Amino acid sequence: MAAEPYVGQHCESTTLVNLLRQREVDVSEPFVFGLAGGLSFIYWRTKQMPTPFVGGRIKPDTLTENLAQALKLRLSVHETSSGKRARDHLLAELGSGTVVGLKLDRYCLDYSTDDFRFAAHYVACVGTDDEGRFALVETRPLGLQWASGDSLAAARNPGGPMSSRNRAFTLDLPKAGLPDLGKAARKGIRTAAETFLNPPISNFGHKGMHRVADLMPQWLDDLESPAEGLAEIATIMEDAGTGGGLFRKMWAEFLSETAGITGNDEYQETADAYREVSKKWTEVAALVGEAGASSSREALHSASKIVHEAADKEQRLMERLLELSG
């Protein structure tokens, strides 16, 4: 592991960059995100959820699995219900000099200031010390942190939605070397575009955007605690590791890199368009936050209109990307 770990924007892609760098593969976080076809849209709410979830990426674990497929990497996943076996496995990997990806709930870690539970957070574990603490690479602004063994054990097996049983994973390079990155990037774009344009259910993709836009004006009446709920939605959309603009900014950076690798300037045109889309999502998050702070129905109506427009714009952009990458 390099002396300075990579500290990025989104937890799973940051973890993957650190695992790749150990294997001397130096690609950017946006490129990792794009290779994995990471961009998406999801609206999710059950009766047990006081606040709906509005997300902009594919489901947890899939980013890692898709990246491994894209680069033909060997992904080794270790899960166990035994805390002792999980710890022994981690110590063995670290003892051999391997950087290990961990899925956990940061709420349980002793350095955490989180006030909510989220069991699909990722960190790269890069070492341990004589006091039994573990070095974990977080996203900005936390960076490298040290967690006690007891708090890490609790965080790795938290139970609840999106949790795994002490999930740990490593990546190894293929014997034949990495595939052509331009072809891999185009495949990642196709994967994201096809899912976005043909979502399995109406909560996903461009259909999910229109659904959220229809529901937004009702949120002040519909949420148990509108002030807290709307603030949470706004934070998740803009600040909770999305890179800004509900992952659209990161996707734009990936498309720009793809233009450079493939020599196709049309990818740069779509990158520029997605940067504008990302600004719209940043505006939406601000309006949702404003609605929570001031109970403003007007702010939610404005946000709803922008989301409908963004859905139409992204549908056209994904159709174009599908053409370019077919």
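Everything that follows concerns the structure shown earlier in this document.
Let us look at the structure shown here. (Residues numbered from 1 in each chain as written. Predicted model: local features only at pLDDT ≥ 70, side-chain atom pairs only at ≥ 80, totals over all residues. Heavy atoms only, no water.)

A separate point is the overall build of the protein chain. Within the protein chain, the secondary structure is distributed over 12 helices and 8 strands. The C-alpha atoms of the protein chain give 20 Å as radius of gyration, which agrees with the globular expectation for 326 residues (20 Å, within 12%). Projected onto the principal axes, the alpha-carbon positions of the protein chain cover approximately 55 × 50 × 30 Å. Taking all 326 residues of the protein chain together, 52% fall into the buried category. Of the contacts formed within the protein chain by residues at least 6 apart in sequence, a portion of 67% connects residues at least 24 apart. Accessible surface, the protein chain: about 14500 Å² in total, of which carbon and sulfur atoms supply 48%. Of the charged side chains in the protein chain, 36 are positive and 45 negative; the average position of the first set lies 6 Å away from that of the second. (Helix = DSSP H or I, 4+ residues; strand = E, 2+ residues; numbered from the N terminus. Rg over C-alpha atoms; globule rule 2.2 N^0.38 Å. Buried < 20%, exposed > 50% of the residue type's maximum accessible area, 1.4 Å probe, protein only. Contact = heavy atoms within 4.5 Å. Areas by Shrake-Rupley, 256 points an atom, 1.4 Å probe, with all protein chains shown as cover. Lys, Arg positive; Asp, Glu negative; His and termini not counted. Charge placed at Lys NZ, Arg CZ, Asp CG, Glu CD.)

This part covers the packing of aromatic side chains. Evaluated as defined, the whole model comprises 6 aromatic pairs. Aromatic side chains W44 and F204 sit 6.4 Å apart centroid to centroid with 35° between the ring planes, which places their arrangement in the tilted category. Here F204 lies in the loop between α6 (181-197) and α7 (205-215) and W44 lies in strand β1 (residues 39-44), a separation of 160 residues in the sequence. Measuring from ring centre to ring centre gives 5.2 Å for W251 and F254, while their planes differ by 45°; the resulting arrangement is tilted. Of this pair, W251 and F254 are both found in helix α10 (residues 248-262), 3 residues apart, which corresponds to roughly one turn of the helix. One aromatic cluster is present, formed by F31, W251 and F254 through successive ring pairs. (Phe/Tyr/Trp six-rings, centres within 6.5 Å; stacked < 30°, edge-to-face > 60°.)

Helical geometry note: an α-helix holds 3.6 residues per turn, so side chains three or four residues apart project in the same direction. For helix α9 (residues 226-238), which comprises 13 residues, the first-to-last C-alpha distance of 18 Å matches the rise-based estimate of 18 Å (1.5 Å per residue) to within 8%. Among all positions of α9, only G229, L230, I233, A234, M237 and E238 are buried. Mapping the buried residues of α9 onto a view down its axis gives an arc of 145°, with all of them on the same face. Contacts from the buried residues of α9 go to β2 (53-57), α8 (219-222), α11 (265-294) and α12 (297-325). (Expected span 1.5 Å × (residues − 1). Arc of directions from axis to C-beta.)

We now examine the pattern of salt bridges. Applying the stated criterion across every chain, the model contains 21 salt bridges. A salt bridge links R74 to D172, with the shortest nitrogen-to-oxygen separation between them at 3.1 Å. Placement of R74 in strand β3 (residues 74-78) and of D172 in strand β8 (residues 168-172) is noted, with a sequence separation of 98 residues between them. For R74, a relative accessible area of 52% corresponds to the exposed category. (Salt bridge = Lys/Arg side-chain N within 4 Å of Asp/Glu carboxyl O.)

Residues W219, W251, Y274, W281, V288 and M318 are the most contacted members of the largest nonpolar core, which totals 78 residues. Sequence-distant contacts of M318, that is, excluding residues within four places in its chain, are made with L39, A192, A193, F196, L197, W251 and Y274. L104, F134, L152 and A155 belong to the second-largest nonpolar core, a separate cluster that totals 15 residues. (Core = buried A, V, L, I, M, F, W, Y, C linked by side-chain atoms within 4.5 Å.)

Turning our eyes to something else, we now look at the packing of α11 against α12. Across the interface, α11 lies against α12 with an axial gap of 9 Å and an inter-helix angle of 160°. Between α11 and α12, the angle is such that the two are roughly antiparallel. Crossing geometry of α11 relative to α12 is assigned as left-handed. Of the residues in the contact of α11 with α12, the class split is 19 nonpolar, 3 polar and 7 charged. (Axes fitted to C-alpha atoms, helices over the stretch in contact; angles between N-to-C directions. Parallel < 35°, antiparallel > 145°, perpendicular 65-115°, else oblique. Left-handed = near helix turned anticlockwise from the far one by under 90°. Nonpolar A, V, L, I, M, F, W, Y, C, P; charged D, E, K, R; others polar.)

Before going further, it helps to spend a moment on unusual backbone geometry. Across the junction of R140 and P141, the peptide omega takes the value 5°, indicating a cis bond. You can see P141 is positioned in the loop between β6 (134-137) and β7 (144-147). The backbone phi angle of E24 is positive, close to 60°, even though this residue is not glycine. Assignment of secondary structure puts E24 in the loop between α1 (11-22) and α2 (29-35). Residues other than glycine seldom take positive phi values, yet F247 does so here, at roughly 75°. With respect to the helices, strands and loops of the structure, F247 is situated in the loop between α9 and α10.

Take the environment of A36 next. Along the chain, A36 turns up in the loop between α2 and β1. Take A36: its relative accessible area is 2%, and that puts it in the buried class. Here the alpha-carbon distance between A36 and E309, two residues 273 residues apart in the chain, equals 26 Å. Those residues in contact with A36 that sit more than four places away from it in its chain are I58, L63, N66 and L67.

By the alternation rule, side chains of β7 split into Q145 and A147, which are all buried, and L144 and W146, of which none is buried. Pairing geometry for β6 and β7, over 4 bridges, is antiparallel. Considered in β7, the bridge of F134 is made with A147. In sequence, β6 turns back onto β7 through a hairpin of 6 residues, with G143 there showing a positive phi of about 65°. (Pairing = 2+ DSSP bridges.)

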